[in-house]
Amino acid sequence: QENIDTVVCAFQQADRGEFFNALEVCHRHGVDVKVHREYADDVLTANEDMGTLVDVDITPWDTQDYLLKRLFDIGFAGTGLLVLAPLVVVIAVGIKLDSRGPVLYTQERTAGFGDTFPVYKFRTMIPEGASADPIDDDDNDRITRVGRILRRTHMDEIPQLWAILVGHMSVVGPRATWTEEERLLENKTGGWRKRWFVKPGLTGLAQINDAKSTDPQRKLRYDLRYIREQSFWFDVKIVIRQLWK
């Protein structure tokens with residue numbers, strides 16, 4: 001209503017929801033944002049010059065690239081759900097025969113700008129004893145026999161195609177992290193929240209380079225490189241590499 005050009009986020013005690021909701025609104029309306037340099041580790045900065053106020057880099061995608069990306073997401077997810085429907089039935093039966101518990105499990109994952117959404121995956125572990133601490137699959141004795149096959153082939157991710165179809169996720173982007181795990185990684189890794197400036201993805205630059213949450217600094221470097229270089233054709237290259245793997 002006031003035709004604002006620039007917003008300065010000057011919260012004294014802002015929780016992540018308040019802070020990133022403000023950034024999201026500015027992003028949606030194409031408004032420039034500045035923050036105090038104390039917040040520089042939490043945001044993507046537009047330049048390296050650190051004055052008292054820092055420009056936040058929240059420029060939306062090029063319109064053409066954005067439309068291509070969304071159309072690709074819808075086509076990929078829709079086709080995948082149709083083609084893989086018979087496999088879904090086989091996997092569901094295998095999970096039920098292998099161990100007690102539901103076929104699917106759901107977790108709250110972090111979306112763009114720190115928002116959250118429910119993600120569904122095929123259950124690969126026994127339900128009891130879940131921990132937020134990142135751990136390698138080889139060291140995790142809760143993984144079932146069918147679960148190890150699903151994880152090795154990434155078939156446990158098939159239900160996430162629904163999240164892509166409805167727009168919570170994209171095919172390519174930083175991995176959507178469990179909110180409980182996210183809090184641990186934020187404390188361990190400076191700048192972790194910079195990953196929130198794009199929609200999470202089923203695969204991404206970190207995933208195809210086997211960078212996992214057990215090495216959060218390495219994972220963050222790949223995610224930030226993707227964010228800064230992202231384009232529709234970069235996404236296509238990542239998808240091709242993932243399918244080849």
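Caption draft 1: Structural context of the sheet that holds strand 1 (residues 6-9). Taken together, the three strands give an open sheet; going across it, the order is 1-2-3, and neighbouring strands pair in mixed fashion. Every interior strand has two partners, whereas the edge strands, strand 1 and strand 3 (53-55), have only one. Geometrically, the sheet is characterised by an average inter-axis angle of 30° between neighbouring strands, direction not taken into account. Alignment of strand 2 (residues 32-36) against strand 3, held across three bridges, turns out to be antiparallel. Paired with lysine 34 across the strands is aspartate 55, a residue of strand 3.

Caption draft 2: Examining the nonpolar core more closely. Ranked by internal contacts, the top residues of the largest apolar core, which has 47 residues, are Phe19, Leu23, Val35 and Phe197. No other element matches the five residues that helix 8 (residues 216-229) contributes to this core.

Caption draft 3: Summary view of helix 3 (residues 85-98). A rise of 1.5 Å per residue sets the reference length of helix 3, with its 14 residues, at 20 Å; its end C-alpha atoms lie 20 Å apart and thus fit the reference within 8%. Buried residues of helix 3: Ile91, Ile95 and Asp98, and no others. With its buried residues spanning 70° around the axis, helix 3 presents them on a single face. Opposite the buried face of helix 3, at more than 90 degrees from it, the exposed residues are Pro86, Val89, Val90 and Leu97. Elements that come into contact with the buried residues of helix 3 comprise strand 5 (116-122) and helix 4 (145-153).

Caption draft 4: The arrangement of the pattern of salt bridges in detail. Scanning the model with the defined rule gives 12 salt bridges in all. Between lysine 69 and aspartate 235 there is a salt bridge, with its nearest N and O atoms 2.5 Å apart. With lysine 69 in helix 2 (residues 63-83) and aspartate 235 in helix 9 (residues 232-244), the pair connects residues that are 166 residues apart, well separated along the chain. Neither residue differs from the other here; lysine 69 and aspartate 235 are each classed as buried. Between arginine 183 and glutamate 180 there is a salt bridge, with its nearest N and O atoms 2.9 Å apart. With a gap of three residues between them, arginine 183 and glutamate 180 both fall in helix 6 (residues 179-188), about one helical turn apart. Residues joined by salt bridges that share partners form a network here, namely Lys121, Asp156 and Glu157.

Caption draft 5: Main features of the packing of aromatic side chains. This structure, assessed with the given rule, holds six aromatic pairs. Between phenylalanine 19 and phenylalanine 20, the ring centres sit 5.2 Å apart and the planes meet at 85°, which makes this aromatic pair edge-to-face. Residue classification places phenylalanine 20 among the buried positions, given a relative accessible area of 0%. Considering the side-chain rings of phenylalanine 72 and phenylalanine 76, the 5.8 Å spacing of their centres and the 40° angle between planes classify their relative orientation as tilted. Residue phenylalanine 72 and its partner phenylalanine 76 are both found in helix 2; the two are separated by four residues, about one turn of the helix. Overall, the relative accessible area of 26% leaves phenylalanine 72 in the partly exposed class. Taking the relative accessible area as the measure of exposure, phenylalanine 76 reaches 28% and is therefore partly exposed. Taken together, the ring pairs in this structure connect Phe72, Phe76, Phe232 and Trp233 into an aromatic cluster.

About the criteria used
- Every chain's residues receive numbers from 1 upward, in the order its sequence appears when written.
- Only residues with pLDDT of at least 70 are given local features in this predicted model, and only at 80 or more are side-chain atom pairs given and counted; all residues enter the totals for whole chains, interfaces and linings.
- Computation of side-chain values: all heavy atoms of the structure, hydrogens and water removed.
- Two strands are counted as paired when DSSP detects at least two bridges linking them.
- Secondary structure elements follow DSSP: runs of H or I of four or more residues count as helices, runs of E of two or more count as strands, with numbering from the N terminus.
- Axis definition: a line fit to C-alpha positions, over the contact stretch in the case of helices; interaxial angles, taken between N-to-C directions, run 0 to 180 degrees.
- Joining through side-chain atoms within 4.5 Å is the link that ties buried Ala, Val, Leu, Ile, Met, Phe, Trp, Tyr and Cys residues into a set, and such a set is a nonpolar core.
- Per-residue accessibility, obtained with a 1.4 Å probe over protein chains only, is compared with the maximum for each type, and a residue is labelled buried under 20%, exposed over 50%, and partly exposed between these values.
- Multiplying 1.5 Å by the residue count of a helix minus one yields the expected span of that helix.
- Arc definition: directions from the helix axis to the C-beta atoms.
- Note on contacts: a residue pair qualifies if any of its non-hydrogen atoms lie within 4.5 Å across the two residues.
- Each reported salt bridge corresponds to a side-chain nitrogen of Lys or Arg within 4 Å of a carboxyl oxygen of Asp or Glu.
- Ring pairs shown here join Phe, Tyr and Trp side chains whose ring centres sit within 6.5 Å, with only the six-membered ring taken for Trp; geometry is labelled stacked below 30 degrees between planes, edge-to-face above 60, and tilted in between.

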